[in-house]
There are 2 protein chains.
Amino acid sequence: MSQPDPSTGFAVTTPAFLSRLAEIVGEDGLLTDDVALDGYGRDETEDLHFQPEAVVLPRDTEQVSRVLAWANENLVPVTPRGAGTGLSGGALPVHRGLVLSLERLDRIRSIDSENLTVVAEAGVVTAELQRRVDEHGLFYPPDPASRETCQLGGNIAEDSAGPRCCLYGSTRRWVMGLEAVRPDGAILETGSRNLKDVAGYNLTQLLVGSEGTLAVVTAATLRLIPRPAATLTLALPFDRLEQAARAVCEIFRGGHSPAACELLESGAIQAVAASHPVPAQLNRCDALILIELHGDDTEQLLRRAAALGETAEQMGGDEVLLAKEPPEQRRLWEIREKVGEAVKQRSLYKEADAVVPRSALAELVRHARRAAARHRLEAICYGHAGDGNLHVSLVQGELDAEAWQEARDAAEEDLFRAVVSLGGTVSGEHGIGWTQRRYLPLAVGETELETMAAIKRLFDPRGILNPGKIFVE
Amino acid sequence: MSQPDPSTGFAVTTPAFLSRLAEIVGEDGLLTDDVALDGYGRDETEDLHFQPEAVVLPRDTEQVSRVLAWANENLVPVTPRGAGTGLSGGALPVHRGLVLSLERLDRIRSIDSENLTVVAEAGVVTAELQRRVDEHGLFYPPDPASRETCQLGGNIAEDSAGPRCCLYGSTRRWVMGLEAVRPDGAILETGSRNLKDVAGYNLTQLLVGSEGTLAVVTAATLRLIPRPAATLTLALPFDRLEQAARAVCEIFRGGHSPAACELLESGAIQAVAASHPVPAQLNRCDALILIELHGDDTEQLLRRAAALGETAEQMGGDEVLLAKEPPEQRRLWEIREKVGEAVKQRSLYKEADAVVPRSALAELVRHARRAAARHRLEAICYGHAGDGNLHVSLVQGELDAEAWQEARDAAEEDLFRAVVSLGGTVSGEHGIGWTQRRYLPLAVGETELETMAAIKRLFDPRGILNPGKIFVE
């Protein structure tokens, strides 16, 4: 046995540990070379890096269970990881130890096209699941921006969402049951394949969004629906952001029920336009709403689009662009999808995942601009306006590295304080993870935090599972 | 201090206790007379009766907190109660002590018609909430059969549903946040008014459906949507139940997305027809599917109804009855709504709340009939077929009281064993409560039960809150 590291209380990996792990996951399931460790020490969150001591790649739930039971007994910290596309550092091994990657649990176990459900393992890539169920005419709505690379396990850990979750709800709403491994190695089977189920406490919904701190999800039973028969995309340009923000509210009050309702402010549009064709009419507007409608047939959707266009016009909107055919629809959606990359290319940035009640969208943008300006930064706002969820990119611009870090943290804190004062919260879909921990007490009271921490201790009494996340220690 | 009752470990109420309670809730907030206690010792579950020692009627959250803190300190069992319309004995004081009725927390605190949310207290009657938000053109979908008397707190405790939850989901999906009091008196504020929120563990969804065993819900923030612009009701009669069951599956696979999809087998229709006019065409069928469609306009719904009618015909259905106007729609829905009462009037019965994956509906009915016949009972099946959730009424018929009790319990156990073998579960919307405890281990594994029991102990270490429910002690 090795001595625990006095600074963390956790055991330090020894050659004996590594050979025990290799027995469990096989030689090919254990990575210890520096290049591999470096990669598994990063995710999509800023420029953070925490080198793990080893990476394990189990092949099945049984191996996950054995790795966890062993780590729990030996006080080795374990950080579960999907594709590493997270934006709050949730998959980073901040206390070193092991990274437990679920990437090789990548089977779709069954598709039930009679009951419209699928059982898929944690390492299945989200878009791959969508393509596979689409072959059966079925549809899995959650569409995080990273869907071509991110994995279901990560989506479940963070309760990921995306544009279409405006109508369909986030990952949470599609998870009927989970297979998950507790830190002591016990395998939990929560929920069922049933559309209604009140047999005991809802462990499924407790685990969704718990960011891999309570148990490691190895597979999920997901609900599906038939592929929408018709879709229509609309771009609604506005001369003033305030008008666009009010229009978003009116669109929902009016019962137009969009499948997606995204907002891009001019800074976001211009960032995209620097390297991508954007129709002139959209490029010169102050704010753009992108809408997707899903329904029975195009005729129905055209009527709905006309009503929606009237609402937009009443709110001061310019002429609506309508895309009926998939290629035109894709061209409009590309503008939205390219924002993240376009902002990244300009300079270093920090993305804050702010949520407010929908009626406070314009105020959110005002606060974001003010918080940025106060610290000599620029703020670019865009995202899931229909859910009141905007991503605020704080951009480095002309600041040097040291000034940038200080300014970024100060502006972000100002922003989240303002968000909470508007009735909002500090994360809509990116999770708390490592980078947002200090903001959690802004949004969640002491009694609630204490209850959450007690649940964490209940599931993970030795504190080995994804330590350092969600809670400030 | 009084001595604890050795048989339960709980304190027995003394005059000193009662005067302390009267200090907290006022003289008018404390009931101790036999007639009142008798009423609060019953609910809608069969013919059970457990007389409480006293009933407290707090006026606000603060009083609920003080009652609980006091009871927790003094080891007095507390059974929270809404309107007492439950069907699993969840509100019955099986260990005596106090009934804590939320009926006087009956305020709608605010309706936010910009953000489509409402904050309502636990004692608000569900239908009253629906009428109040309807005045703003807004719609709260969950529609339990008891909606004219049941209260939101009870709906949240049991995750109640109803016909329209087929499209809209059960109570759970509409709860954004809760105000709830822990057994130690601490007031929890979970969730928020935000449509997306991943700030910490989802305590809200842990509490919904926990049947008042973890905390007492005092108020909820609920999501609303605009009232549907158009509705249409269809009655689809079938000569054979198997055809109807298959048609239910096809309707969902075909993407017809009904707002409600109910099934009545002939026994249910005939029970209603004994005292209520039922169109001849429906009265002579073996099974009836009732569909409600919600959409943008009647034209759209008529097209959808035509497609749905074709599906039904392909499955062997007879001519479809279509109801466009509210009075005709109500006449069709009355047939469904009268089943419960009609079955009750025939003789004593026990209603099992069975759920299976939708494709197993026909098998569920076959198993129900077989289980009933084996014990000389009759089974009448009806309910939320779209969710795979049928209520199976086991009817006393000619059996004497003693034989009935034995037969009922044996048939119910046979039924639930069959349900679980079909991949189903032992409660869809009535909860586990007191009467279903012994079936929970059929559907939920040991590791999961142990995790649930640990969560119970975490919230309620002294075991005073709704003791005797969900778990077999």
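Points about the overall build of chain A
Logical step 1: Along the backbone of chain A there are 17 helices and 18 strands.
Logical step 2: For 473 residues, the compact-globule formula gives about 23 Å, and the C-alpha radius of gyration of chain A, at 23 Å, lands near that figure.
Logical step 3: Expressed along its principal axes, the backbone C-alpha trace of chain A runs to roughly 70 × 60 × 45 Å.
Logical step 4: Buried residues in chain A amount to 63% of all 473 residues.
Logical step 5: Surface summary for chain A: the accessible area is close to 17,000 Å², and the carbon and sulfur share equals 47%.
Logical step 6: One finds the centroid of the 48 positive side-chain charges in chain A at a distance of 2 Å from the centroid of its 70 negative side-chain charges.

Remarks on the pairing of strand S4 (residues 98-101) of chain A
Residue and element names in this part refer to chain A.
Logical step 1: Residues Leu98 and Leu100 of S4 are buried on one face, and the alternating residues Val99 and Ser101, pointing to the opposite face, are buried as well.
Logical step 2: Pairing geometry for strand S2 (residues 54-56) and S4, over 3 bridges, is parallel. Pairing of Ala54 across the sheet is with Leu98, part of S4.
Logical step 3: With 4 bridges connecting them, strand S3 (residues 78-81) and S4 associate as parallel partners. Residue pairing in the sheet places Arg81 in a bridge with Ser101 of S4.

Regarding the domain arrangement of chain A
Residue and element names in this part refer to chain A.
Logical step 1: Domain annotation for chain A reports domain 1 (15-104), domain 2 (108-226), domain 3 (230-339) and domain 4 (347-443).
Logical step 2: Distance between the C-alpha centres of domain 2 and domain 3: 29 Å.
Logical step 3: Taken together, the contact pairs 8 residues of domain 2 with 11 residues of domain 3.
Logical step 4: Interface area for domain 2 against domain 3, summed over the two sides, is near 610 Å², with a carbon-plus-sulfur share of 63%.
Logical step 5: If you sort the residues of domain 2 by the area they bury against domain 3, Pro163, Cys166 and Leu167 come out on top, with a joint share of 66%.
Logical step 6: Scanning the region where domain 2 abuts domain 3 turns up 1 salt bridge.
Logical step 7: Across the pair Arg147 and Glu337 runs a salt bridge, and its minimum N-O distance is 3.2 Å.
Logical step 8: Scanning the region where domain 2 abuts domain 3 turns up 3 residue pairs in polar contact (both at pLDDT 80 or more).

Some points on the packing of helix H1 (residues 15-25) of chain A against helix H3 (residues 61-74) of chain A
All names here are of chain A.
Logical step 1: Where H1 contacts H3, the two axes come as close as 9 Å, and the packing angle between them is 160°. Taken together, the axes of H1 and H3 lie roughly antiparallel to each other. When you trace H1 past H3, the crossing you get is right-handed. Each of Phe17, Arg20, Leu21, Glu23, Ile24 and Val25 in H1 lies in contact with H3, whose residues at this interface are Gln63, Arg66, Val67, Trp70 and Asn74.
Logical step 2: Looking at the contact of H1 with H3 residue by residue, the classes come out as 6 nonpolar, 2 polar and 3 charged.

Concerning the sheet that holds strand S1 (residues 30-31) of chain B
All names here are of chain B.
Logical step 1: One open sheet accounts for 4 strands, arranged S1-S2-S4-S3; its pairing is mixed. The outermost strands of the open sheet, each flanked by one partner alone, are S1 and strand S3 (78-81).
Logical step 2: Running at roughly 160° to strand S4 (residues 98-101), helix H3 (residues 61-74) makes contact with strand S2 (54-56), S3 and S4 of the sheet.

As for the side chain of Thr79 of chain B
Logical step 1: Within the secondary structure layout, Thr79 of chain B lies in strand S3.
Logical step 2: Apart from the residues lying within four places of it in its own chain, the contact partners of Thr79 of chain B are Gly90, Ala91, Leu92, Pro93, Leu98, Val99, Leu100, Asn466 and Lys469 of chain B.

Points about the sheet that holds strand S6 (residues 117-121) of chain B
Residue and element names in this part refer to chain B.
Logical step 1: With respect to topology, 5 strands assemble into an open sheet ordered S5-S6-S10-S8-S9, the strand pairing being antiparallel. Looking along the sheet, the strands with just one partner apiece sit at the ends: strand S5 (108-112) and strand S9 (187-191). Neighbour to neighbour, the strand axes of the sheet diverge by 10° on average, direction disregarded.
Logical step 2: Looking at chain direction, strand S8 (residues 175-181) and strand S10 (residues 216-223) are connected through 6 bridges and run antiparallel. Each bridged residue has a counterpart across the sheet, and for Val175 the counterpart in S10 is Leu222.
Logical step 3: Contacts between H3 and the sheet are confined to S5, S8, S9 and S10, with S8 contributing the most and set at about 50° to the helix.
Logical step 4: Sheet strands in contact with helix H4 (residues 126-134) are S5, S6 and S10, and its direction is about 40° off that of S5.

Quick word on the interface of chain B and chain A
A common way to report how large an interface is uses the accessible area buried once the components associate.
Logical step 1: Each partner contributes to the interface: chain B provides 79 residues, whereas chain A provides 79 residues.
Logical step 2: Summed over both sides, the interface between chain B and chain A buries roughly 6,300 Å², with carbon and sulfur atoms accounting for 55% of that surface.
Logical step 3: Looking only at chain B, the three residues that lose the most surface to chain A are Lys196, Val198 and Tyr201 of chain B, adding up to 16% of its buried area.
Logical step 4: On inspection of chain B and its partner chain A, the count reaches 12 salt bridges.
Logical step 5: One salt bridge in this structure joins Arg182 of chain A and Glu450 of chain B, with 3.1 Å as the shortest N-O distance.
Logical step 6: For the side of chain B that touches chain A, the elements supplying multiple residues, two or more each, are S9, helix H7 (203-207), helix H8 (241-253), helix H11 (298-314) and helix H17 (446-459) of chain B.
Logical step 7: Broken down by element, the residue count for the side of chain B that touches chain A peaks at 10 residues, all from H17 of chain B.
Logical step 8: Of the residues that constitute the side of chain B that touches chain A, the class distribution is 30 nonpolar, 25 polar and 24 charged.

Some words on unusual backbone geometry
Glycine aside, the phi torsion of most residues is negative, and most peptide linkages are trans.
Logical step 1: Here the phi dihedral of Arg376 of chain A falls at roughly 60°; this positive angle occurs in a residue that is not glycine.
Logical step 2: Along the chain, Arg376 of chain A turns up in the loop between helix H14 (361-374) and strand S17 (378-384).
Logical step 3: The exposure class of Arg376 of chain A is exposed, given its relative accessible area of 64%.
Logical step 4: The backbone of Arg96 of chain B shows a phi angle near 60°, a positive value even though the residue is not glycine.
Logical step 5: With respect to the helices and strands, the residue Arg96 of chain B is situated in the loop between S3 and S4.
Logical step 6: Judged by its relative accessible area of 40%, Arg96 of chain B is partly exposed.

Side note on the pairing of strand S16 (residues 349-355) of chain B
All names here are of chain B.
Logical step 1: Judged by how many residues are buried, S16 sits mostly within the fold: 7 of 7 residues are covered.
Logical step 2: Here S16 shows no split at all, with Tyr349, Glu351, Asp353 and Val355 on one side and Lys350, Ala352 and Ala354 on the other all buried.
Logical step 3: Relative to strand S18 (residues 389-395), S16 is paired through 7 bridges, and the arrangement is antiparallel. Across the sheet, the residue bridging to Tyr349 is Val395, located in S18.

Thresholds, definitions, all that
For every chain, the first residue of its written sequence is number 1, and the numbers climb from 1 along that sequence. Labels are handed out in written order, letters beginning with A for the chains and numbers beginning with 1 for the ligands. Residue-level local features of this predicted model are given only where pLDDT is at least 70; pairs of side-chain atoms are given and counted only at 80 or more, and the full residue set underlies all totals for whole chains, interfaces and linings. Excluding hydrogens and water, the side-chain values take into account all heavy atoms of the structure. Strands are runs of DSSP state E lasting at least 2 residues, helices are runs of H or I lasting at least 4, and numbering of each runs from the N terminus. For a compact globule the rule gives 2.2 Å times the number of residues to the power 0.38, and the radius of gyration it is set against comes from C-alpha atoms. For every residue, the accessible area obtained with a 1.4 Å probe (protein chains only) is divided by the maximum for its type, and the residue is called buried under 20%, exposed over 50%, and partly exposed between those limits. Here the open area of atoms and residues is found with the Shrake-Rupley method and a 1.4 Å probe, where only the protein chains shown may cover a residue. His is not counted here, nor are the chain ends, while Lys and Arg score as positive and Asp and Glu score as negative. Where a charge lies is defined by one atom per residue type, namely NZ (Lys), CZ (Arg), CG (Asp) and CD (Glu). We call two strands paired when DSSP finds no fewer than two bridges between them. The start and end points of each domain follow an automatic or database-based domain assignment. In what follows, a contact means two residues having at least one pair of non-hydrogen atoms within 4.5 Å. As used here, buried area is the combined drop in accessible area, with a 1.4 Å probe, of two parts when they are placed together. Take a side-chain nitrogen of Lys or Arg and a carboxyl oxygen of Asp or Glu: if they are within 4 Å of each other, that pair is a salt bridge. Under this definition, polar contacts are N or O atom pairs within 3.5 Å; protein pairs additionally need one hydrogen-donor-capable and one acceptor-capable atom, and for neighbouring residues in sequence, both atoms have to be side-chain atoms. Simply put, an axis is a line fit to the C-alpha atoms, just over the touching stretch for a helix, and the angle between two N-to-C directions goes from 0 to 180 degrees. Orientation is classified from the angle alone, with under 35 degrees giving roughly parallel, over 145 giving roughly antiparallel, 65 to 115 giving roughly perpendicular, and any other angle giving oblique. Helix crossings get a hand from a simple test, with the near helix turned counterclockwise from the far one by less than a right angle marking a left-handed crossing and a clockwise turn marking a right-handed one. Under the scheme applied here, ten amino acids are nonpolar (Ala, Val, Leu, Ile, Met, Phe, Trp, Tyr, Cys and Pro), four are charged (Asp, Glu, Lys and Arg), and all others, including Gly, are polar.

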